[in-house]
Amino acid sequence: MNKLTTYTIKKIHKAYREKTLTPTSFVDLCLQNAKQNRDLNAFVTLTKGEAENNGIESEKRFYIDKKTKPLDGITIGVKDNFCTKDIRTSCASNMLKNFIPTYNATVYSRLRNAGACLIGKCNLDEFAMGAGTVDSIFGPTRNPWGYKECWRIAGGSSGGSAVAVSSGACVAAIGSDTGGSTRNPAALCGVVGLKPTYGLVSRHGLVPLVNSMDVPGIMTRKVEDAVNVLNCIAGPDNLDSTTIKRKFNPVTLDNDFDMSKIKIGIPKEYHCPGMSEDIIDTWKLVTNLLENEKASVQTVSMPHTSVSIAVYSILNQCEVASNMARYDGIEYGLRTEEDHSTEELYASSRSKGFNSVVRSRIFAGNYFLLTRNYEKYFLKALKLRRMIADDFKKVFKDVDILLTPTTLSDAPLYDDFVSKHNRDQCAFQDYCTQPANMAGVPAISIPIRLSINKLPLSIQLMGPNLSEELLLNVAKRIEMLVDFPSLEVN
Ligand code: GLN
């Protein structure tokens, strides 16, 4: 990998100003990188023309207009479940294989307004349902770490976005996070993954999975880049009524951030069966680092953590059943040749359009929503969701930040992962990540060190709603202390 593609946004802009690098040449370099690493399958569509045009516009602003934008000449990848005008948005599903949106997701239009250059649309599990990026009609994504020796999964469902950043095809990528889909692949691919507070970043144009939990997520190599991207995309949006109405104050990082005032909580229930020794050691290592920095660290309890997987599954499937109803082959999505009756057309289009993961979630969700089951499953799950959220509210009266692992292990081998079924793995792999979605709180995954398999191991920080500034400052401090090694690929 060319060293330039590991530069931070600040360093790239400095090089542009000094003319040791130009936006157009950097865009070319990233496109070349993406092409060379095609076998990683990070992108479902490379947007060469778009990237080149965006690069030319940035170059003009740098050298002719001398009026630059915050992400000018900064290459990005966008998960293929965010609408991009005139660029196919497939959700990695046969259902939307030929869908060309007529409008942009707010996140993408804000990135473009800030000068970012789109390298391509990134691979995902179909409709973002998964934890491996192994269930895409375009084939699985490979983790660039150790991929020459054996094939490890990239994590999911935003695996394409994580790989696009870690393999140097772009500086930042957008994923979506409903139960961990940004943090999980970021952790397994050794990049930073930020899930902002629910409602801080607009969902307009993000194809919904679970409306009450979906949040656009940010992946970058370094925390400071995640801050720069967040500052460009966050804030109220008239097109999404669930965005927080309050004006967004840009996050600033403090180089002399004082950890001695920070109270860190270690929730004991996040120790769960199946967590690897390597992960537990990494968790301890970061705890010790923070104690050395004079932060006060205490064990805390979040008693409803262990039910959160079950609660998440029920709520997820119920919302999926309702969200997916729009794909009937008439209003939206793939239409088969079936012409016996409207019902048969619906049935054949939906069975050909969706994979078995999507179909079984629709099936289970409709079962939970039957009049006779509604109270027993859906209402009960909603009540438990409230109790999980209350655990967070209570714990944040005593501590400022929670420290937990992100995933339970380093990146699993592809064969192991698929033989254990993506569906079951979703429940297992998201143990530490999805409570934050249930409560709506912000969370970030930061790479810490390499495992005995020489694969990234990461930890997660979570904070109260709208505590992004604190969360990112603590994350930055940890990043400085651990100095995680960069990946070497082609
Ligand atoms: N693995 C979880 C699921 O399949 C999370 C997905 C996501 O965050 N998009 O539901």
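See the structure shown above.
Computed from a predicted model, the values in this text were never measured in an experiment.

The rules behind these values
Residues numbered from 1 in each chain as written. Predicted model: local features only at pLDDT ≥ 70, side-chain atom pairs only at ≥ 80, totals over all residues. Heavy atoms only, no water. Near = heavy atom within 4 Å. Polar contact = N/O pair within 3.5 Å; in protein donor to acceptor, adjacent residues only side chain to side chain. Areas by Shrake-Rupley, 256 points an atom, 1.4 Å probe, with all protein chains shown as cover. Phe/Tyr/Trp six-rings, centres within 6.5 Å; stacked < 30°, edge-to-face > 60°. Helix = DSSP H or I, 4+ residues; strand = E, 2+ residues; numbered from the N terminus. Buried < 20%, exposed > 50% of the residue type's maximum accessible area, 1.4 Å probe, protein only. Core = buried A, V, L, I, M, F, W, Y, C linked by side-chain atoms within 4.5 Å. Contact = heavy atoms within 4.5 Å. Pairing = 2+ DSSP bridges. Axes fitted to C-alpha atoms, helices over the stretch in contact; angles between N-to-C directions. Expected span 1.5 Å × (residues − 1). Parallel < 35°, antiparallel > 145°, perpendicular 65-115°, else oblique. Left-handed = near helix turned anticlockwise from the far one by under 90°. Nonpolar A, V, L, I, M, F, W, Y, C, P; charged D, E, K, R; others polar. Lys, Arg positive; Asp, Glu negative; His and termini not counted. Salt bridge = Lys/Arg side-chain N within 4 Å of Asp/Glu carboxyl O.

### Quick word on the site of the ligand
Okay, step 1: Neighbouring the ligand are 16 residues, the closest being G179, S181, Y312, R361 and D430.
Okay, step 2: A128 places a polar main-chain atom, nitrogen or oxygen, 3.0 Å from a nitrogen atom of the ligand.
Okay, step 3: Separating a nitrogen atom of the ligand from a side-chain N or O atom of S157 is a distance of 3.5 Å.
Okay, step 4: Against a free-state accessible area of 290 Å², the protein chains account for coverage of 100% of the ligand.

### Points about the packing of aromatic side chains
For any pair of aromatic rings, the description consists of the separation of the ring centres together with the inter-plane angle of the planes.
Okay, step 1: Within the structure shown, the criterion is met by 14 aromatic pairs.
Okay, step 2: Here the aromatic rings of W145 and F484 are separated by 5.8 Å at their centres, their planes lie at 50°, and the arrangement is tilted. One end of the pair, W145, is in the loop between β3 (117–122) and α5 (159–166); the other, F484, is in the segment after α16 (468–482), with 339 residues separating them in the sequence.
Okay, step 3: W145 gets classed as buried once you look at its relative accessible area, which sits at 7%.
Okay, step 4: For F484, a relative accessible area of 12% corresponds to the buried category.
Okay, step 5: Ring centres of F392 and F396 lie 6.2 Å apart, and the angle between their planes is 40°; on these two criteria the pair is classed as tilted. With a gap of four residues between them, F392 and F396 both fall in helix α12 (residues 375–398), about one helical turn apart.

### As for the nonpolar core
Okay, step 1: Judged by nonpolar contacts, the single largest core of 140 residues is most densely connected at F127, L230, F392, L461 and I478.
Okay, step 2: Every residue in contact with F127, bar those within four places of it in the chain, is listed here: C91, S93, M95, L96, V207, L209, M324, Y327, F354 and V358.
Okay, step 3: Judged by nonpolar contacts, the second largest core, of eleven residues, contains L188, A411, F417 and L487.

### What about the sheet that holds strand β7 (residues 263–267)?
Okay, step 1: The strand order across the open sheet formed by eleven strands is β1-β3-β2-β4-β6-β5-β10-β11-β9-β7-β8, and the pairing between neighbours is mixed. With partners counted over all chains shown, the strands left at the sheet margins are β1 (43–46) and β8 (296–300), one partner each. Neighbour to neighbour, the strand axes of the sheet diverge by 30° on average, direction disregarded.
Okay, step 2: Here three bridges tie strand β2 (residues 75–79) to strand β4 (residues 172–177), and the two strands are oriented parallel to one another. Pairing of G77 across the sheet is with A173, part of β4.
Okay, step 3: The strands touched by helix α3 (residues 48–65) within the sheet are β1 and β3, with β3 carrying the most contacts at an inclination of about 155°.
Okay, step 4: Running over the sheet, α12 touches β7, β8, β9 (401–405) and β11 (456–462) and is turned about 115° from β9.

### Details of helix α11 (residues 356–368)
Every α-helix winds through 3.6 residues per turn, so residues three or four apart in the chain are directed the same way.
Okay, step 1: Compared with the 18 Å implied by 1.5 Å per residue over 13 residues, the 18 Å span of α11 between its first and last C-alpha is a close match.
Okay, step 2: If you check which residues of α11 are buried, you get V357, V358, R361, I362, A364, G365 and F368.
Okay, step 3: Regarding α11, its N-cap is N355, as a side-chain oxygen of that residue lies 3.2 Å from the backbone nitrogen of V357 further along.

### Some remarks on the pairing of β9
Okay, step 1: Of all five residues in β9, five are buried; the element is thus mostly enclosed.
Okay, step 2: Of the two faces of β9, the one lined by I401, L403 and P405 and the one lined by L402 and T404 are each fully buried.
Okay, step 3: Strand direction decides the pairing type here: β7 and β9, joined by two bridges, are parallel. Pairing of G265 across the sheet is with L402, part of β9.
Okay, step 4: Of the pairings in the sheet, the one linking β9 to β11 comprises four bridges and is antiparallel in character. Note on β11: the bridge partner recorded for P405 is I459.

### Focus: the packing of helix α2 (residues 23–36) against α3
Between two packed helices, the angle of one axis relative to the other and the distance separating the axes together describe the packing.
Okay, step 1: α3 packs onto α2 with a crossing angle of 155° between their chain directions and a minimal axis gap of 7 Å. When the axes of α2 and α3 are compared, the pair comes out roughly antiparallel. Relative to α3, α2 is oriented so that their crossing is right-handed. Contacts from P23, T24, V27, D28, L31 and K35 of α2 reach α3 at K48, A51, E52, G55, I56, S58, E59, F62 and Y63.
Okay, step 2: Counted by class, the contact of α2 with α3 contains seven nonpolar, three polar and five charged residues.

### Some words on the side chain of E269
Okay, step 1: By the element assignment, E269 lies in the loop between β7 and α8 (277–292).
Okay, step 2: The side chain of E269 is buried and forms no salt bridge, while K268, the nearest opposite charge, is found at 4.3 Å.
Okay, step 3: At 2.7 Å, the side chain of E269 forms a polar contact with the side chain of S301.

These figures capture arrangement, not role.
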